[in-house]
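# Understanding the architecture of this molecule
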Amino acid sequence: MSTLKSKFDSIYNANYSKVFRLCQGYTNGNETLSKDLTQETFIKVWKNLKSFRNDSSLSTWIYRITVNTCLIELRNKKSVPISDHLSHLEQNNDDSSEKKELQLNQLYCCITKLKNENKSIILLELEGLPQKEIADIIGLSHEAIRVRVHRIKNELTKCVKQ
């Protein structure tokens, strides 16, 4: 049991920030909900670690659990309004930081308008995952992911400019 726990601790430490950032993309930057979803993801990783079959890399498996956990949450809550997450900006006096925060929130808002599969693709792309790994996680061909990423980026660019 102790080797499993140390393995889990290592996995948790190596992947926590990536999982948290991915969850933030799904929750429109809601830190509390993102932490909850991250915790739920790692509970699922812990419960299923013994049954991990090495069919894919461990990080791909964890990302798939994260995406599924977040999508289930979105289905249950339908959406997280952006206005709930902008109140903290009033406390910040740095104009450039406030502008960047607003742009980031605007991007999150645009991402939330995407279909769930496209949302998953772009959040994994923004996380810096190789497109081949994204293809494995989503279950599409690498070429399909490349085309989708291009289309999604164009869609987001139009949305952010509006």
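Scope of this entry: the structure provided in the associated data block. As the structure is a prediction and not an experimental result, all values here were calculated from the model.

Reading guide: rules and limits
- Residues numbered from 1 in each chain as written.
- Predicted model: local features only at pLDDT ≥ 70, side-chain atom pairs only at ≥ 80, totals over all residues.
- Heavy atoms only, no water.
- Salt bridge = Lys/Arg side-chain N within 4 Å of Asp/Glu carboxyl O.
- Helix = DSSP H or I, 4+ residues; strand = E, 2+ residues; numbered from the N terminus.
- Buried < 20%, exposed > 50% of the residue type's maximum accessible area, 1.4 Å probe, protein only.

## Some points on the pattern of salt bridges
In the structure shown here, the tally under the stated rule is eight salt bridges. In this structure, R148 and E117 form a salt bridge, with 2.6 Å as the shortest nitrogen-oxygen distance. Here the residue R148 occupies a position in helix α7 (residues 142-161), and E117 occupies one in helix α5 (residues 116-126), the gap between them amounting to 31 residues. Look at R148 and you get partly exposed, because its relative accessible area is 27%. One salt bridge in this structure joins E143 and R146, with 3.4 Å as the shortest N-O distance. Highlighted residues: E143 and R146, both in helix α7, separated by three residues, approximately one helical turn. Take E143: its relative accessible area is 44%, and that puts it in the partly exposed class.

## Observations concerning α5
In terms of burial, α5 is largely enclosed, as eight of its 11 residues are buried. For α5, the full list of buried residues reads N118, K119, S120, I121, I122, L123, L124 and E125. Positive phi appears at G128, one or two residues downstream of α5, with a value of about 95°.

Function cannot be inferred from these measures alone, as they are strictly geometric.
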